[in-house]
Amino acid sequence: MRVGVTATKGGAAAGAGEVGSLEAKMSEIGLFEAMYTARALRKLKPDPVPEELIFRVLEAGTRAGSGGNAQRWAFIVVRDAAQRYKLGEIYRRGSDISAEVYARRGRPPHLSDEQFQKMMTAGAHLWDHMGEAPVLLVPCIESNTLPPREAFPPAIRARYNDLAVYQQLIRGASIYPAVQNIILACRAVGLATLITTNHLYYEAELRSVLGIPDEMFPCALMPIGWPIGKFGPVNRRPVSEVAFADQWGTPLVT
Ligand SMILES: Cc1cc2nc3c(=O)[nH]c(=O)nc-3n(C[C@H](O)[C@H](O)[C@H](O)COP(=O)(O)O)c2cc1C
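Residues numbered from 1 in each chain as written. Predicted model: local features only at pLDDT ≥ 70, side-chain atom pairs only at ≥ 80, totals over all residues.

Draft legend 1. Main features of the overall build of the chain. Across its full length, the chain carries 10 helices and 6 strands. Across the 254 residues of the chain, 23% fall into the buried class. (Helix = DSSP H or I, 4+ residues; strand = E, 2+ residues; numbered from the N terminus. Buried ≥ 20, exposed ≤ 12 C-beta atoms within 10 Å, placed from the backbone.)

This is the structure:
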């Protein structure tokens, strides 16, 4: 990807082409507005996404933190139609499994029947159209490797298996902040995207299509493109329901 942008002193990108107008566009939306309106828009126009924008949202992603500042991430930008078709087909089959799970789990209690149906219908559209998104982004994170057991003092050696489990548990914590930055950066420039994970039901196949090395984990499949629908307020459970003071069960908001 050749991109006509250069890093400025403050770390923001600036430079040739559309970047000036891009800056203007981004300054129109505040951070909180972006967070409150970055709905999961799943119907996308087929129009291509300029390389500058792809670069810019990836740059925003890579401003996120990661454990030990290791930054062991990689982002595969899939624009080739044949590759997108293959990923779309993998996502489709993964979604068939996911749909069975959702059907048996039922709607979360905070959603009305109508809200749940709306989400399922929007989700079902993506099952069939993932491969048509102009860009499919696959953020990957390297699995944490542990130094050998013998390298640790006896007390830690005795808990070596716990250490391995811990590394697995925190793996996503070093990539999902970058993913959320990408979602917000897309929102800022008017692009739709969302996290999806159904591809992981066929992880081996996806790895083979993209040539992902064993040590890297493809943690999400994100369609990116210009939305057909509109951004708008997201519905979430109120803070009063989900926040506790000092210990579990004591309401923060009284
Ligand atoms: C871990 C995770 C996995 C998700 N997987 C999918 C998916 O496979 N397909 C899909 O259409 N949406 C997926 N979503 C998007 C959610 O459905 C969406 O965030 C939720 O419905 C809220 O939507 P809203 O922001 O429009 O209110 C996923 C979200 C997360 C955080």
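Draft legend 2. Quick peek at the site of the ligand. Taken together, 13 residues surround the ligand, and among them Arg 39, Ala 40, Gly 123, Ile 195 and Thr 196 come closest. In terms of residue class, the shell around the ligand is made up of 6 nonpolar, 5 polar and 2 charged. (Near = placed C-beta within 6 Å. Nonpolar A, V, L, I, M, F, W, Y, C, P; charged D, E, K, R; others polar.)

Draft legend 3. Representation of the pairing of strand β4 (residues 135–142) in the model. With 7 of 8 residues buried, β4 is to be regarded as a mostly interior element. Across 6 bridges, the pairing between strand β3 (residues 73–78) and β4 is antiparallel. Bridging across to β4, Val 77 finds its partner in Leu 137. Where β4 and strand β6 (residues 222–224) come together, 3 bridges link them in antiparallel fashion. Considered in β6, the bridge of Leu 137 is made with Met 222. Relative to strand β5 (residues 216–218), β4 is paired through 3 bridges, and the arrangement is antiparallel. (Pairing = 2+ DSSP bridges.)

Draft legend 4. Expanded view of the environment of Ile 175. With respect to the helices and strands, the residue Ile 175 is situated in the loop between α7 (160–169) and α8 (176–189). Sequence spacing of Ile 175 and Gly 65 is 110 residues, and the spatial spacing of their C-alpha atoms is 8.5 Å. When sequence neighbours within four positions are dropped, the list of residues in contact with Ile 175 reads Trp 73, Pro 139, Ile 141 and Cys 219. (Contact = placed C-beta atoms within 7 Å.)

Draft legend 5. Layout of the environment of Arg 149. The topology assignment puts Arg 149 in the loop between β4 and α6 (154–157). Between the C-alpha atoms of Arg 149 and Leu 163, which are 14 residues apart in sequence, the distance is 9.9 Å. Leaving out residues up to four positions away in the same chain, Arg 149 has contacts with Arg 157 and Tyr 160.

Draft legend 6. Structural context of the nonpolar core. Leu 87, Leu 136, Ile 182, Cys 186 and Ile 224 are the most contacted members of the largest nonpolar core, which totals 38 residues. Those elements giving two or more residues to this core turn out to be α3 (51–61), α4 (81–105), β4, α8 and β6. Here the element with the most residues in this core is α8; it accounts for 7 residues. Excluding anything up to four places from it in sequence, Leu 136 contacts Val 78, Arg 84, Leu 87, Leu 221 and Pro 223. (Core = buried A, V, L, I, M, F, W, Y, C linked by C-beta atoms within 7 Å.)

Draft legend 7. View of the confidence of the model for the chain. Looking at the chain, the pLDDT average stands at 90 and 89% of residues meet or exceed 70. Under a pLDDT of 50 for its full length, residues 4–18 has, in the predicted model, 22 contacts with residues more than four places off or in other chains. (pLDDT = per-residue confidence, 0-100.)

Draft legend 8. A look at α8. With 14 residues, α8 ought to run about 20 Å at 1.5 Å a step, and its terminal C-alpha atoms sit 20 Å apart, in line with that. Of the positions making up α8, those classed as buried are Ala 178, Val 179, Ile 182, Ile 183, Ala 185, Cys 186, Arg 187 and Ala 188. (Expected span 1.5 Å × (residues − 1).)

Draft legend 9. Here's a closer look at the packing of α3 against α8. Interaxial distance between α3 and α8 falls to 7 Å at its minimum, and their mutual angle equals 140°. Comparing the axis directions of α3 and α8 gives the class oblique. The two elements α3 and α8 cross, and the hand of that crossing is right-handed. Mapping the contact onto sequence places Leu 53, Arg 56, Val 57, Ala 60 and Gly 61 in α3 and Ala 178, Val 179, Asn 181, Ile 182, Ala 185, Cys 186 and Val 189 in α8. (Axes fitted to C-alpha atoms, helices over the stretch in contact; angles between N-to-C directions. Parallel < 35°, antiparallel > 145°, perpendicular 65-115°, else oblique. Left-handed = near helix turned anticlockwise from the far one by under 90°.)

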